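Secondary and tertiary structure notes
The residues making up each chain are set out below.
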Amino acid sequence: MYNKIKSIGMQPNIFTFNILINCCYQLTGVDYGFCLFGEILKSGYDPNIITFNTLIKWVCVQGTNSSALQLFDKMTGTGVSPTVFTYNILINSLCKEGEMRKANQIFEKMMKLGKEPDVITYNSMIDGLCLTGKIEEARKLFDSMVDKGLEHDLYSFSVLINGYCKKFKLDDALLLFEKMKQKGIKPTQVTYSTLLNGLCRAKKVTIARSLLFEMQSTGASPNIVTYNAMLDGLCKNGHIDEATELFHSMKLKGYKADIQTYGLVIDGLCKSGKFQDAKKLFHEIPNQGLVPNVRTYTIMISGMCRVGILFEAEKLIFEMEKHGCVPNAVTYETIIKGFLERKEVEKAKEFLQKMRQRKFSPSNALIY
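Residues numbered from 1 in each chain as written. Predicted model: local features only at pLDDT ≥ 70, side-chain atom pairs only at ≥ 80, totals over all residues. Heavy atoms only, no water.

1. Concerning the overall build of the protein
Operational definition: Secondary structure elements follow DSSP: runs of H or I of four or more residues count as helices, runs of E of two or more count as strands, with numbering from the N terminus. When a residue's accessible area, from a 1.4 Å probe over protein chains only, is under 20% of the maximum for its type it is buried; when over 50% it is exposed; and in between it is partly exposed. In this analysis, two residues are considered to be in contact whenever any of their non-hydrogen atoms come within 4.5 Å of each other.
Of the regular secondary structure elements, the protein holds 22 helices and zero strands. A burial count over the protein gives 45% of its 368 residues as buried. Put simply, of all contacts in the protein between residues at least 6 apart along the chain, 57% involve residues at least 24 apart.

2. Here's the deal with the packing of helix H19 (residues 310–322) against helix H21 (residues 345–357)
Basically, it comes down to this: Note on geometry: axes are lines fitted to C-alpha atoms, helical ones only across the stretch in contact, with angles between N-to-C directions running from 0 to 180 degrees. In this scheme, roughly parallel covers angles under 35 degrees and roughly antiparallel covers those over 145, while 65 to 115 is roughly perpendicular and the rest are oblique. Should the near helix be turned counterclockwise from the far one by less than a right angle, the crossing is left-handed, whereas a clockwise turn marks it as right-handed. For this classification, Asp, Glu, Lys and Arg are treated as charged, while Ala, Val, Leu, Ile, Met, Phe, Trp, Tyr, Cys and Pro are nonpolar and the rest, including Gly, are polar.
Relative orientation of the contacting elements H19 and H21 amounts to 20°, with a least axis distance of 13 Å. What the angle tells us is that H19 and H21 run roughly parallel. For H19 against H21, the interelement crossing comes out left-handed. Across from Glu314, Ile317 and Phe318 in H19, the residues of H21 making contact are Lys347, Glu350, Phe351 and Lys354. When its residues are assigned to classes, the contact of H19 with H21 shows three nonpolar, no polar and four charged.

3. Things to note about the packing of aromatic side chains
Going by this rule: Geometry of aromatic contacts follows a simple scheme: Phe, Tyr and Trp rings, the Trp one being its six-membered ring, pair when their centres are within 6.5 Å, and the pair is stacked under 30 degrees between planes, edge-to-face over 60, tilted otherwise.
Tallied over the entire structure, the rule returns nine aromatic pairs. Their ring planes at 75° and their centres at 5.3 Å tell us that Phe142 and Phe157 sit as a pair that is edge-to-face. Of this pair, Phe142 sits in helix H9 (residues 135–147) while Phe157 sits in helix H10 (residues 154–166), placing them 15 residues apart in sequence. Phe157 gets classed as buried once you look at its relative accessible area, which sits at 0%.

4. Some words on the pattern of salt bridges
Heads up, the rule is: Basic side-chain nitrogens of Lys or Arg form a salt bridge, by our definition, when they fall within 4 Å of a carboxyl oxygen of Asp or Glu.
Enumeration according to the criterion identifies 15 salt bridges in this entry. Residue Asp267 pairs with Lys271 through a salt bridge whose shortest N-O separation is 3.2 Å. Of the two residues, Asp267 and Lys271 both sit in helix H16 (residues 259–271), four residues apart, roughly one turn of that helix. The exposure class of Lys271 is exposed, given its relative accessible area of 55%. Connected through shared salt-bridge partners, Glu314, Lys347, Glu350 and Lys354 make up one network.

5. As for the confidence of the model for the protein
What counts here: Per-residue confidence from the predictor is reported as pLDDT, a score between 0 and 100.
The predicted model of the protein averages 87 in pLDDT, with 86% of residues at 70 or higher. Per-residue pLDDT stays below 50 along residues 1–10; that stretch engages in 12 contacts with residues further than four places along the chain or on separate chains.

6. Describing helix H7 (residues 100–112)
The criterion, for reference: Expected span of a helix: the number of residues minus one, times 1.5 Å. In this context, the arc is that of the directions from the helix axis out to the C-beta atoms.
Given a rise of 1.5 Å per residue, 13 residues ought to cover 18 Å, and the 18 Å separating the end C-alpha atoms of H7 matches this to within 8%. Within the span of H7, buried status applies to Met100, Ala103, Ile106, Phe107 and Met110. Buried residues of H7, viewed axially, fall in a sector of 125°; they line one side. In H7, the exposed positions angled more than 90 degrees off the buried face are occupied by Arg101 and Lys112. In this structure, the buried residues of H7 make contact with helix H5 (65–77), helix H6 (84–96), helix H8 (119–131) and H9. A positive backbone phi angle near 80° is found at Gly114, which sits one or two residues after H7.

Quick look at the structure:
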């Protein structure tokens, strides 16, 4: 496009260049954008804030924060003053990569220069602090927003709730969830799913149940991620009958189970002594247009070892390879342990050798 403009004798101005830079990043990537930046300088134009914001944004999208920071320094060095948008681009990118020291430096520099952080800035910082496990700092920053006259939005609450869930601080997460609703902010499918997942991981299945019911009654329809979280919690806490009931009711409501869903329920059935039900569900997978993955196969192999049908487990390993699914270290360890528990040492050695041929290292527990 740039060459066509030049070929008809037109000279692009800075506005044209800015549009071209944005377009070329979307179509061809970073390198050509920098070529156009060079053309701006050669043409005698001064890059403006839009030029630098566009360049910084796309460099951050490419995941090269160091180049983005260099551009930022070049921008300020040429007398172009960063806007809140500029700072937000940089802070968000640094936070997503967990580079909180650099993000905090930019955040402090921003305020020192009289650029007031907005809700987006704070949300990015809170997200980064949660990502790096600094939940107390994240909460302080969250609370400080009110002092700055800023209103928390859905994202502010959701990010911090997720942070609390990851730290197993479920009481704090639930209190924040209630505060969010009191402020008139309606939880989304993502908010509910995040909290449900956290509750199930913390073995608070009863609260998770009531939350799923609340979610359905408020119109925030569960999705497969929500159901998988609930099924995982039920299976891991011994509520296999309830899990299978939920699994079937989910499908009746028109939700399509994915391979993770099948893996969760099959694993729960195997561990609850319901191997025949697990086997039936495993054989149902291809009929649903799904393909078992290495985890699904390994779960079934583990179930077979548990009930002592090692010949079937061995056959399944050959079958998975035939279908292009390569066993991993966990698969091999599972069948080796199965043979060892049944005192079939030679068979265990055979699979240990295959495991080493595949360049997998057995765990210390297996060796000793």
